[in-house]
Amino acid sequence: MGDWEYRTPTEIQAASDLIVTGVLTGRTTHEIAGSDNLETIGTVDIGEVLKGSTQGQSVRVLLAPTRPGGLISSADVQIADGQSGLWYLQKTQRDGLYSVQRPDQFVPTDKAAEQIDALKSQ
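Residues numbered from 1 in each chain as written. Predicted model: local features only at pLDDT ≥ 70, side-chain atom pairs only at ≥ 80, totals over all residues. Heavy atoms only, no water.

### What to know about the pairing of strand β3 (residues 58-63)
Stage number 1. Burial along β3 is one-sided: Val59, Val61 and Leu63 are buried, while Ser58, Arg60 and Leu62, pointing the other way, are not.
Stage number 2. Pairing geometry for strand β2 (residues 38-51) and β3, over 6 bridges, is antiparallel. Note that in β3 the partner of Thr40 across the bridge is Leu63.
Stage number 3. In sequence, β2 turns back onto β3 through a hairpin of 6 residues, with Gly52 there showing a positive phi of about 85°.
Stage number 4. With 3 bridges connecting them, β3 and strand β5 (residues 97-99) associate as parallel partners. Bridge pairing in β5 places Leu62 opposite Ser99. (Buried < 20%, exposed > 50% of the residue type's maximum accessible area, 1.4 Å probe, protein only. Helix = DSSP H or I, 4+ residues; strand = E, 2+ residues; numbered from the N terminus. Pairing = 2+ DSSP bridges.)

Following this line, the structure appears as structure tokens:
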């Protein structure tokens, strides 16, 4: 199983370029140009922006890669279509694309109220 060092919500917030509430409404998988690897990009429909700014009502997020035979790495952050919550996003080097690289960068709605309230009070 993958191990992650503990980070406080304040540390996660400081490392995030964009923090939103939202729901993962879909995903597309395609080959990365010049390789046999696949990437999966999800669409998060935004409910509220708590840090940063967006140019629309949704944001593109690089999700855990598709692996051969349906295998899942314990280090991959798994988020299901339709799942809603608090997203702590980091910009990638590609324009308009964000990532979730650690499990603490996505907090399901039913566990996020305290963190959302803290972000709103700042």
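### Some words on the nonpolar core
Stage number 1. Judged by nonpolar contacts, the single largest core of 15 residues is most densely connected at Val59, Val61, Ile79, Trp87, Leu89 and Val100.
Stage number 2. Looking at this core, the elements with two or more residues in it are β1 (18-31), β2, β3 and β4 (84-91).
Stage number 3. The residues touching Val100, leaving out its near neighbours within four places in the chain, are Val61, Leu62, Val77, Ile79, Trp87, Leu89 and Gln105. (Core = buried A, V, L, I, M, F, W, Y, C linked by side-chain atoms within 4.5 Å. Contact = heavy atoms within 4.5 Å.)

### Re the confidence of the model for the protein
Stage number 1. Per-residue pLDDT for the protein averages 88, and the proportion of residues at 70 or more is 92%.
Stage number 2. The secondary structure element of the protein with the lowest average pLDDT is helix α1 (residues 9-14), at 91, and the one with the highest is β4, at 96. (pLDDT = per-residue confidence, 0-100.)

### Focus: helix α2 (residues 109-120)
Stage number 1. Its 12 residues place the ends of α2 15 Å apart at the C-alpha level, agreeing with the 16 Å of an ideal helix rising 1.5 Å per residue.
Stage number 2. Among the residues of α2, Ala112, Gln115, Ile116 and Leu119 are the ones counted as buried. Around the axis of α2, the buried residues are gathered within 110° of arc, so they sit on the same side. Looking at α2, the residues exposed on the side facing more than 90 degrees away from the buried face are Asp110, Glu114 and Asp117.
Stage number 3. On its buried side, α2 packs onto α1, β1, β2, β4 and β6 (106-108). (Expected span 1.5 Å × (residues − 1). Arc of directions from axis to C-beta.)

### A word on the side chain of Ser16
Stage number 1. Tracing the backbone shows Ser16 in the loop between α1 and β1.
Stage number 2. Within the structure, Ser16 has its side chain in polar contact with the backbone oxygen of Ile12 (distance 2.7 Å).
Stage number 3. Excluding its chain neighbours within four sequence positions, the residues that come into contact with Ser16 are Lys51, Tyr88 and Leu89. (Polar contact = N/O pair within 3.5 Å; in protein donor to acceptor, adjacent residues only side chain to side chain.)

### So, the side chain of Gln13
Stage number 1. Among the secondary structure elements, Gln13 is positioned in helix α1.
Stage number 2. In this structure, Gln13 is in contact with Ile19, Lys51, Tyr88, Leu119 and Gln122, ignoring residues within four places of it in sequence.

### Some details on the pattern of salt bridges
Stage number 1. Per the stated rule, a full pass over the model turns up 6 salt bridges.
Stage number 2. For Glu5, the salt bridge identified is with Arg102, shortest N-O distance 3.1 Å. One end of the pair, Glu5, is in the segment before α1; the other, Arg102, is in the loop between β5 and β6, and 97 residues separate them in sequence.
Stage number 3. Note on Glu5: relative accessible area 52%, which makes it exposed. (Salt bridge = Lys/Arg side-chain N within 4 Å of Asp/Glu carboxyl O.)

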